[in-house]
Amino acid sequence: MRLGMPQGKSSWDKIDICVVLASFLCLVASICVITPRLTLSWQLQFNRQIIIIGFLLSLMNLSLRRIAPTLFLISELRWGGSSLQNYDAILRNSISLSETGYFWRITVLSFILLPLGLSVAYKRFTGGTSSAVIGTKFPGRYGLAVPPLGDFTAMNNSVYFAIDANVPFMAASSSDSIPPPFESLPIAYGYNTLLLDNGSAALLDMPLPEYILSIQQNLKGADFWNISATVNATVARYNTSTEAYRNDDSFWQETIDSSWSGGLAGLSSFELFNGNALGLLPGIPNDHDGAYCLTGTYNSTLVWVGFFNNLSSPDVVALRSAALMFNIRREICAGKWQINRTAIVLLEDSCTGIETNQGPLSTYVLVPFPLDALPVLVHALTSYSADRSQSAWHLSVFVTAIATSYWARLAFMVPGQLQEGSLKYPPTHEYITSTTTTLDATWLLYFLLAFQPVLTLLMFLSTTLLYSSPIGKGFGLVAVLSGIDSNCLNLLSGAGFSGELKSPVKLNISVVNDTNDSEGNQRVSPTGRIEYTIDRPSRRNT
């Protein structure tokens, strides 16, 4: 009884077609996993991405290993020496078999190392990011506040607030070798400072500390959120009508008297230790037009600190000739912040000029306290009284410092008054984008992922073009034994256990039309059969 199952060879192997399709489906899936524009990459994040990509690469390699051996066997038959040892090395995927040609050792080794190399290479594509627009589950609130300071509350005062908020702008404007970025205004500094133009600056309300902390507690590694919202802001603008008030005695007297009666001691001045002094005269606040102030540096013989309420005082006279006037109001602005695990940074902003509730600026109690504000202003403005008096940064530095002083005083004085209203409020037009670390989806990573499927397809097409070769998927030990000419087996005598031969042996593969029936009689077969014979090659095959 014969157990062999005769089979014809089709030009298209259905299983191979399915394998190629499966490989490309894995490629499509891997592209979806790494492409930043698709939210899947954001949902998976880096750790889950590398797990899934590793799995998909393994499936692609299985597909390649299904297709490659057949093409290798056909190539050895058509263009190689048809060496029995080479066939054995291809089928066993081994490079250590004796008498295997160097070409096939290198080829087999390359295909062994390929999945190992790919598994290492794709993990090198770190540093990518992926973003998604999300809704927040946190009860977000915005208001007149500063970023969280942790448990250290000793520095929760207007002096620290003013310094901390103004440091990024001071650093940016510290040298005249770097011109002001007037062409790219408005531009943000720190966590809430915005230079609107050369004579206007805003300090924005921002997410309240508890809101920021609730976000930071849910961030991992280098993850961050971008939050956009419409908020209120403390805005200072240079009054271009300053010259109209400079010689108005009644205006100056009313301003000084009001400040004196308001407990701010009229004109407050601080020595700059270079023959000049810095003066600060807060104007009359009101609840419909905000506040104003007069400030400037002037020549003075003042020692340390002085307070003046007499128009004839030399310091008042000197300030009048040098003073800059600024209006401070609460306005509506739109801000965009970036929050990571440790910090919050203002990225961009714009202000509409539309005024909102001016209540926080309506009393002298909330106007900068001179003994708090002046030392901070001195550090920011001293260099502009002499060495940098003609600096292009001059007006921008003054308006930013004044806006910061008023904001810092408000932030220090109103925390206990943060009821729902203009100082504490839910978000308006809030838009949140979450960004997480992922694989860096460069073109090289896409090439790496596509390498195996494309190679699988090319090998499948090549195998299909060479389908007339008498080697199919069933080529192996059973196929050779079923078709071997028994008269030539003595050549292999002695290798029954070791499987090793002393020299290369050629495996001849041919199609013959005669076959034996069940009674051993020879007859002609219309389809033919595969016959294998072995002999010594005329020369060594490599």
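Refer to the structure printed above.
Residues numbered from 1 in each chain as written. Predicted model: local features only at pLDDT ≥ 70, side-chain atom pairs only at ≥ 80, totals over all residues. Heavy atoms only, no water.

## Some remarks on the overall build of the chain
Alright, step 1. Within the chain, the secondary structure is distributed over 13 helices and 17 strands.
Alright, step 2. Put simply, the chain has 542 residues, and 47% of those count as buried.
Alright, step 3. In the chain, the share of contacts with a sequence separation of at least 24, taken over all contacts with a separation of at least 6, comes to 77%. (Helix = DSSP H or I, 4+ residues; strand = E, 2+ residues; numbered from the N terminus. Buried < 20%, exposed > 50% of the residue type's maximum accessible area, 1.4 Å probe, protein only. Contact = heavy atoms within 4.5 Å.)

## Observations regarding the state of the cysteines
Alright, step 1. Overall, the coordinates contain one disulfide when judged by the stated rule.
Alright, step 2. The disulfide partner of Cys333 is Cys351, and the S-S distance across this bridge is 2.0 Å. With the S-S dihedral at roughly 100°, the linkage between Cys333 and Cys351 falls on the right-handed side. Pair noted here: Cys333 is in strand 12 (residues 324–339) and Cys351 is in strand 13 (residues 344–355), with a separation of 18 residues, a long-range link.
Alright, step 3. For Cys333, a relative accessible area of 1% gives the class buried. (Disulfide = S-S within 2.5 Å.)

## Here's the deal with the layout of surface pockets
Alright, step 1. One number sums up the size of the second largest pocket: a volume of about 700 Å³.
Alright, step 2. Leu84, Asp88, Leu477, Leu492 and Gly499 are the residues nearest the centre of the second largest pocket, which is lined by 24 residues in total.
Alright, step 3. Looking at the lining of the second largest pocket, the elements that each hand over two or more residues are helix 3 (84–92) and helix 13 (477–483).
Alright, step 4. Ranked by residue count, the leading element in the lining of the second largest pocket is helix 3, at six residues. (1 Å grid on protein atoms, 1.4 Å probe; cavity = no way out; pocket = protein on both sides within 12 Å on 5 of 7 lines; lining within 4 Å. Points joined across faces, edges and corners; volume = space filled by probe spheres on them.)

## With respect to helix 4 (residues 102–121)
Alright, step 1. Over its 20 residues, helix 4 runs 27 Å from end to end, which matches the ideal 28 Å to within 8%, given 1.5 Å per residue.
Alright, step 2. If you look at helix 4, its biggest bend is around 30°, right at Leu113, and the proline Pro115 turns up within four residues after that.
Alright, step 3. Among all positions in helix 4, only Trp104, Thr107, Val108, Leu114 and Leu118 are buried.
Alright, step 4. Where the residues of helix 4 are buried, they touch helix 2 (39–79), helix 3 and helix 12 (443–465). (Expected span 1.5 Å × (residues − 1). Bend = angle between axes of the 7 residues up to and from the residue.)

## Some points on the environment of Gly135
Alright, step 1. With respect to the secondary-structure elements, Gly135 resides in the loop between strand 1 (128–134) and strand 2 (142–143).
Alright, step 2. Here Gly135 falls in the exposed class, since its relative accessible area comes to 68%.
Alright, step 3. Taking the C-alpha atoms as reference points, Gly135 and Ser434, separated by 299 residues in sequence, lie 9.6 Å from one another.

## Description of empty space enclosed by the protein
Alright, step 1. The final tally for this structure, using the stated rule, is two cavities of 30 Å³ or more.
Alright, step 2. Quantified by volume, the largest cavity comes out at close to 70 Å³.
Alright, step 3. Taken together, Ser158, Ala162, Pro368, Phe369, Asp372, Ala373, Val376, Ser405, Ala408 and Arg409 make up the lining of the largest cavity.
Alright, step 4. Listing elements by their share of the lining of the largest cavity, those giving two or more residues are helix 5 (158–172), helix 10 (370–381) and helix 11 (394–413).
Alright, step 5. Per-class residue counts for the lining of the largest cavity are six nonpolar, two polar and two charged.
Alright, step 6. Taken as a whole, the second largest cavity holds about 30 Å³ of empty space. (Nonpolar A, V, L, I, M, F, W, Y, C, P; charged D, E, K, R; others polar.)

## Describing the environment of Val133
Alright, step 1. Relative to the helices and strands, Val133 resides in strand 1.
Alright, step 2. Look at Val133 and you get exposed, because its relative accessible area is 52%.
Alright, step 3. For the pair Val133 and Tyr431, spaced 298 residues apart in sequence, the C-alpha separation works out to 7.6 Å.

## Brief notes about the pairing of strand 1
Every regular strand shows the same layout, with side chains that alternate between the two sheet faces.
Alright, step 1. By the alternation rule, side chains of strand 1 split into Gly128, Ser130, Ala132 and Ile134, which are all buried, and Thr129, Ser131 and Val133, of which none is buried.
Alright, step 2. Two strands pair when backbone bridges link them, and strand 1 and strand 15 (residues 428–438) are joined in this way by seven bridges, in the antiparallel orientation. When the sheet's bridge partners are listed, Gly128 is paired in strand 15 with Thr438. (Pairing = 2+ DSSP bridges.)

## What about a nonpolar patch on the surface?
Alright, step 1. Nonpolar side chains collect at one region of the surface, where Phe273, Val303, Trp304, Val305, Phe307, Phe369 and Leu371 lie side by side and expose about 700 Å² of accessible area between them.
Alright, step 2. Of note, Phe273 is situated in the loop between strand 8 (267–271) and strand 9 (276–282). (Patch = residues over 30% accessible without salt bridge, like charges linked within 9 Å, V, L, I, M, F, W, Y side chains within 5 Å. Areas by Shrake-Rupley, 256 points an atom, 1.4 Å probe, with all protein chains shown as cover. Salt bridge = Lys/Arg side-chain N within 4 Å of Asp/Glu carboxyl O.)

## Side note on the packing of aromatic side chains
Alright, step 1. Under the counting rule described, the total for this entry stands at 16 aromatic pairs.
Alright, step 2. Ring plane angle 25° and centroid distance 5.7 Å describe the contact between Phe251 and Tyr292, whose orientation is recorded as stacked. You can see Phe251 sitting in helix 8 (residues 249–261) and its partner Tyr292 sitting in strand 10 (residues 291–299), a full 41 residues away along the chain.
Alright, step 3. Using a relative accessible area of 11% as the deciding quantity, one classes Phe251 as buried.
Alright, step 4. Three or more aromatic residues joined by ring pairs make a cluster, and in this case those are Phe72, Phe103, Trp104 and Phe111.
Alright, step 5. Over the ring of Trp79 we find Arg78; its NZ or CZ atom is 5.5 Å from the centre of that ring. (Phe/Tyr/Trp six-rings, centres within 6.5 Å; stacked < 30°, edge-to-face > 60°. Lys NZ or Arg CZ within 6 Å of the ring centre and 35° of its normal.)

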